[in-house]
Amino acid sequence: MRDDTPVLIGSSQFTHRGSAADSPSPLELLKIAAKSAASDAGLPETVLAEIDGLTVVGFSIDAPGGLSRLPVPRLLNPPASLAKALGASPTVHMYTYTGGNTPQMLINQFAERISRGEVELGLVAGAEFLGSLMKRLKGGLGFGADWSDDVSEAPNMVGDPRPGATPHEEAHGLAFPTNTYPLFENALRARDGRSIPDHQRRIGKLFAPFTEVAAANPNAWFPIARTAEELVTVTPANRMVGFPYPKYVNSILEVDQSAAVLIASVRKARELGVPEDRWVFLHGCADAADLWNLLDRQDYHSSPAIRLTGERALDMAGISLADIDLFDIYSCFPSAVQVAAEELGLSIDDPRGLTVTGGLPYFGGPGNNYAMHGIAEMMGRLRARPGAYGLCTANGWHLTKQSVGIYSTRPVEGRWEREDPKVIQARIEALPHPPVIERPQGQATIEAYTVIHSREGYRMGIVIGRDGDGRRFVANTPEDEATLRGLEAVESVGRTGTVGPHPDGVRNLFVPD
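1. Observations concerning the pattern of salt bridges
Step number 1: Using the criterion set out here, one finds 34 salt bridges in the structure.
Step number 2: Between Arg383 and Asp40 there is a salt bridge; the shortest N-O distance is 2.7 Å. Taken as a pair, Arg383 in helix 12 (residues 370-383) and Asp40 in helix 1 (residues 26-40) lie far apart in primary sequence, 343 residues in all. Each of the two residues, Arg383 as well as Asp40, counts as buried.
Step number 3: Where salt bridges share partners, they join Glu112, Arg116, Asp287 and Arg418 into one cluster.

2. Here we look at unusual backbone geometry
Step number 1: Pro244 follows Phe243 through a cis peptide bond whose omega is 15 degrees.
Step number 2: Within the secondary structure layout, Pro244 lies in the loop between strand 6 (240-242) and strand 7 (245-246).
Step number 3: In the Ramachandran plot, Trp397 falls in the positive-phi region, its phi being about 55 degrees despite a non-glycine side chain.
Step number 4: Inspection of the secondary structure puts Trp397 in the loop between strand 11 (389-396) and strand 12 (401-408).
Step number 5: In this structure, Leu399 is a non-glycine residue whose phi angle is positive, near 50 degrees.
Step number 6: Within the secondary structure, Leu399 sits in the loop between strand 11 and strand 12.
Step number 7: Its relative accessible area of 1% is what places Leu399 among the buried residues.

3. Some details on the side chain of Ser12
Step number 1: Looking at where Ser12 falls in the secondary structure, it is placed in strand 1 (residues 6-15).
Step number 2: In this structure the side chain of Ser12 is engaged in a polar contact, spanning 2.6 Å, whose partner is the backbone oxygen of Ala33.
Step number 3: Setting aside its immediate chain neighbours within four residues, Ser12 contacts Ala33, Ser36, Ala37, Ser258, Ala259, Ala260 and Ala376.

4. Digging into helix 2 (residues 78-86)
Step number 1: Every buried residue of helix 2 is accounted for by Pro78, Pro79, Ser81, Leu82, Ala83 and Leu86.
Step number 2: The inward-facing, buried residues of helix 2 abut helix 1, strand 2 (53-56), strand 3 (92-96) and strand 4 (121-128).
Step number 3: Note on helix 2: the residue one or two positions beyond its end, Gly87, has a positive phi of about 70 degrees.

5. Observations concerning the pairing of strand 14 (residues 457-467)
Step number 1: As paired elements, strand 13 (residues 442-454) and strand 14 share 10 bridges and run antiparallel to each other. When the bridges of strand 14 are listed, Tyr449 appears paired with Val463.
Step number 2: Linking strand 13 to strand 14, which pair antiparallel, is a turn of two residues.
Step number 3: Relative to strand 15 (residues 472-476), strand 14 runs antiparallel, the two sharing five bridges. Each residue of the ladder has a partner; that of Val463, found in strand 15, is Ala475.

6. Here we look at the packing of helix 7 (residues 196-215) against helix 11 (residues 334-344)
Step number 1: Where helix 7 contacts helix 11, the axes come no closer than 10 Å and their chain directions differ by 85 degrees. For the element pair helix 7 / helix 11, the angle class is roughly perpendicular. Every residue of helix 11 that contacts helix 7 at His199, Arg202, Ile203, Leu206, Phe207 and Phe210 is listed here: Pro334, Val337 and Gln338.
Step number 2: Split by residue class, the contact of helix 7 with helix 11 holds six nonpolar, two polar and one charged.

About the cut-offs
- Residues numbered from 1 in each chain as written.
- Predicted model: local features only at pLDDT ≥ 70, side-chain atom pairs only at ≥ 80, totals over all residues.
- Heavy atoms only, no water.
- Salt bridge = Lys/Arg side-chain N within 4 Å of Asp/Glu carboxyl O.
- Helix = DSSP H or I, 4+ residues; strand = E, 2+ residues; numbered from the N terminus.
- Buried < 20%, exposed > 50% of the residue type's maximum accessible area, 1.4 Å probe, protein only.
- Polar contact = N/O pair within 3.5 Å; in protein donor to acceptor, adjacent residues only side chain to side chain.
- Contact = heavy atoms within 4.5 Å.
- Pairing = 2+ DSSP bridges.
- Axes fitted to C-alpha atoms, helices over the stretch in contact; angles between N-to-C directions.
- Parallel < 35°, antiparallel > 145°, perpendicular 65-115°, else oblique.
- Nonpolar A, V, L, I, M, F, W, Y, C, P; charged D, E, K, R; others polar.

Written as structure tokens, this is what we have:
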């Protein structure tokens, strides 16, 4: 085994279940995760002063949009604040842009830096604290001094800074994952020719096993096993959010959780005396994004980026899907799991299971950092099954950014080297896709759609469709209950109607026939 081979040596997860008044600050959550990761590696916390690479996953309150406008104190440079708290002076220190793919992407990047000799000991950490933050705001509890910092320099940013939606898409409601993933779900149902009731049962059967995993996970936010029927039956406690998704199958952001991973070169791991039974190797990895804008996608029931990154990671690891023993498929919404499973070649009822944590709706959806928990959990499972392989996927924005990692306690043979992500990305960018028209007029057909609900009831309909020339558009529907209820009552993919300017002068309006 080469000295410059990257190896994961420690990991940690933390879930705060106490009151909001006693909740750790964001910096404290990061410190808890970092120190616990050192302990997991069998090392004293003082070793953290030696890290020469440090990255913090972006907090939800720093993402563009509504959360960034919350009137709360914040860390201006989380990596610098964490490094200072740990007594470290890393030469590589970064903060990430928005994306649930970022934890796996960062592990992939750190592994490459280590193999090139640029980093010897890296820490990747992240936290989410919206659970206690929102309760503090509502209860007027205030915030302690360590909720902010006095760092003057801006953080070094990593990742893709592009917003998840164009202004035109955003105007129609496509900036919110709770609005976009139902579009994929309805497209999947229509493609497969299932009735709405049959497909709802499929969603319940998909996620019921996830709740059982969460129920047995001490770090899960909702450790409650639920039946398939319970997950998809609309009740006052399980209201419809974005058709066809009731609340129980939506990712939950308002949690207080943190996680971290320590990654080192084999040389450094040996120098530190990390027992080899703690070592977990990254055997295969890949990163790519689908055609960025939602309206540019080939369709709404596939992901070339998942397929190609999965193929590349398996090829790099020198194994096949049949050799994988454990999976953690990113599970913000049911459509994300179904599309990923299909692209990887998995059945949604594969006996190996699709999650090791319980998934984002049940384990918890700690903002951009969920995949770190998946990796940490996978490390523990693999240590208990020496020689087994585990595959983790991570997804950002609207089935947009994809990262994959394949792990095992088996040592990596030969030089660790990954393919430049630009190779896959070039293939994706060359894919054909429909032309887009921003101001459609005339007869049109629904390609994908959803109906968005508020707590009070029906709110709006979103339609992605094609005009008479095959050009793709996005529009909203009339907001009367009869129209919205009708879209939910029968399969509306393929339904015709008329599209034109909305009375507000900004959006498009689609009126179903």
